[in-house]
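Structural overview for review
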Amino acid sequence: MTPGADAPSPRRRGRPSRTAGATGPDARTRILEAAREEFAERGYDKTSVRGIARAAGVDAALVHHYFGTKDEVFAAAIELSFEPALVIPTILGGPSEDLGERLARYFIGVWENPVSRAPLLAILRSALTHEAAAKVLRGFVLRRLLERIAAELDVPDPTFRAELAASHMIGIAILRYVIRAEPLASTDPEKIIAMVAPTLQRYLCDG
């Protein structure tokens with residue numbers, strides 16, 4: 001027998017080890033869920049790839065394998081909360097005269113859901129104090145949300161209009177969910193939607 005024949009094969013550099021329960025879609029889902037929790041609890045600055053991996057029960061190399069850098073994990077965690085691929089077709093697919101209401105209902109609904117609200121709070125707070133987090137959030141909002149909405153708007157300056165709509169909704173999120181200013185913080189969500197929808201409609205659709 002050749003010496004060392006029973007020894008395990010050396011691991012390749014740069015690739016995560018394939019341990020049971022640490023690969024495949026389930027591992028990716030665990031990483032994303034752990035990332036949302038870590039960002040929610042620790043904020044952007046204090047969250048690390050190693051900490052996310054530890055919370056997900058995987059090797060840090062696997063996090064890099066799926067997502068690359070911490071910024072990319074951060075962007076994926078934002079997308080997990082907003083699910084633009086599922087929701088944007090619904091927002092854009094209905095009658096144009098109701099676009100403002102559909103957008104307001106979608107946005108408020110995301111924030112009213114406790115599961116998605118916690119990581120979004122951390123993301124928003126981090127973006128207000130850390131440029132790296134703000135850059136990721138801007139990129140996501142611009143590429144994944146505003147550009148897709150603006151592309152469907154048959155009005156002058158569609159991107160500018162979409163940014164105005166986003167600024168309006170983000171302002172509401174800061175006052176209602178971060179600062180918790182009253183009476184906005186305790187107002188019924190349906191009342192907010194009813195009052196905000198016409199403004200969003202004007203931003204997005206009025207010529």
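Here we summarise the structure given alongside this text. Counting of residues starts from 1 at the beginning of each chain's written sequence and follows it residue by residue. Given that this is a predicted model, residues contribute local features only at a pLDDT of at least 70 and side-chain atom pairs are listed and counted only at 80 or more, while totals for whole chains, interfaces and linings are drawn from all residues. Only hydrogens and water are set aside when side-chain values are computed; all heavy atoms of the structure are taken into account.

What to know about the overall build of the protein chain
What counts, and what does not: A run of H or I in DSSP counts as a helix once it spans at least four residues, and a run of E counts as a strand once it spans at least two, with each numbered from the N terminus. By definition in these notes, contact holds between two residues if any of their heavy atoms fall within 4.5 Å. Note on areas: Shrake-Rupley, 1.4 Å probe, and residue coverage restricted to the protein chains presented here.
Summing up its helical and strand segments, the protein chain has 10 helices and 0 strands in all. Reading the protein chain from its N terminus to its C terminus gives the helix and strand order α-α-α-α-α-α-α-α-α-α. Counted over contacts in the protein chain with a minimum sequence separation of 6, partners at least 24 positions apart contribute 68%. As displayed, the protein chain has an accessible area near 11,800 Å², and 53% of this comes from carbon and sulfur atoms.

Side note on the side chain of Arg 176
Put simply, the rule is: Each polar contact in these results corresponds to two N or O atoms within 3.5 Å; when the atoms are within protein, one needs to be able to donate a hydrogen and the other to accept it, and residues that are neighboring in sequence are counted only if both atoms are side-chain atoms.
Structurally, the position occupied by Arg 176 is in helix α9 (residues 158-178). Among the polar contacts made by the side chain of Arg 176, one reaches the main-chain carbonyl oxygen of Thr 187 at a distance of 2.9 Å. If sequence neighbours within four positions are ignored, Arg 176 has contacts with Glu 112, Leu 184, Ala 185, Ser 186, Thr 187, Pro 189 and Ile 192.

Overview of the packing of aromatic side chains
Just so we agree on the cut-off: Stacked, edge-to-face and tilted are the three classes for Phe, Tyr and Trp ring pairs, Trp counted by its six-membered ring, which pair at centre distances within 6.5 Å; planes under 30 degrees apart are stacked, over 60 edge-to-face, the rest tilted. To sort residues, take the accessible area from a 1.4 Å probe on protein chains only and compare it with the maximum for the residue type: under 20% means buried, over 50% means exposed, and anything in between is partly exposed. We call a charge positioned above a ring when the Lys NZ or Arg CZ atom is no farther than 6 Å from the ring centre and deviates by at most 35 degrees from the ring normal.
Counting across every chain of the model gives 6 aromatic pairs. Residues Tyr 44 and Phe 74 carry aromatic rings whose centres are separated by 4.9 Å and whose planes lie at 70° to one another, so their mutual orientation is edge-to-face. Separated by 30 residues along the polypeptide, Tyr 44 in helix α1 (residues 24-46) and Phe 74 in helix α4 (residues 70-82) bring together distant segments of the chain. Side by side, Tyr 44 and Phe 74 carry an identical accessibility label, which is buried. These aromatic residues form a ring-pair network of at least three members: Phe 39, Tyr 44 and Phe 74. Sitting above the plane of the Tyr 44 ring, Lys 70 keeps its charged end 4.2 Å from the centroid.

What to know about the pattern of salt bridges
Charged atoms that come close allow side chains of opposite charge to pair. Note the threshold: The term salt bridge refers to a pairing of a side-chain nitrogen on Lys or Arg with a carboxyl oxygen on Asp or Glu at a separation within 4 Å.
Considering all chains together, one arrives at 4 salt bridges under this definition. Here Arg 42 ties to Glu 38 by a salt bridge, and the two come within 2.9 Å at their closest N and O atoms. Of the two residues, Arg 42 and Glu 38 are both situated in helix α1; the distance of 4 residues between them amounts to about one turn of the helix. A relative accessible area of 45% means that Arg 42 is categorised as partly exposed. Measuring nitrogen to oxygen at the nearest pair gives 2.8 Å for the salt bridge that ties Arg 105 to Glu 190.

Looking at the nonpolar core
Note the threshold: Throughout, nonpolar core names a set of buried Ala, Val, Leu, Ile, Met, Phe, Trp, Tyr and Cys residues whose side chains join them through atoms within 4.5 Å.
Membership of the largest hydrophobic core comes to 61 residues, with the highest contact counts inside it found for Ile 31, Phe 39, Phe 74, Leu 103, Trp 111, Leu 200 and Leu 204. For this core, the element with the most residues is helix α8 (residues 131-150), which contributes 9 residues. With sequence-adjacent residues up to four places away left out, Trp 111 is seen in contact with Arg 117, Leu 120, Leu 121, Leu 124, Ala 173 and Tyr 177.

Here's the deal with unusual backbone geometry
A negative phi angle characterises most non-glycine residues, just as the trans form characterises most peptide bonds. Of note, the bond from Glu 182 into Pro 183 is cis; its omega dihedral lies within 30 degrees of zero at 10°. Tracing the chain through its elements places Pro 183 in the loop between α9 and α10 (189-205). Phi at Asp 157 takes a positive value of approximately 50°, unusual for a residue other than glycine. As for its placement among the helices and strands, Asp 157 is situated in the loop between α8 and α9. A positive phi angle, near 60°, is found at Arg 180, a position not held by glycine. Examined against the element boundaries, Arg 180 turns out to sit in the loop between α9 and α10.

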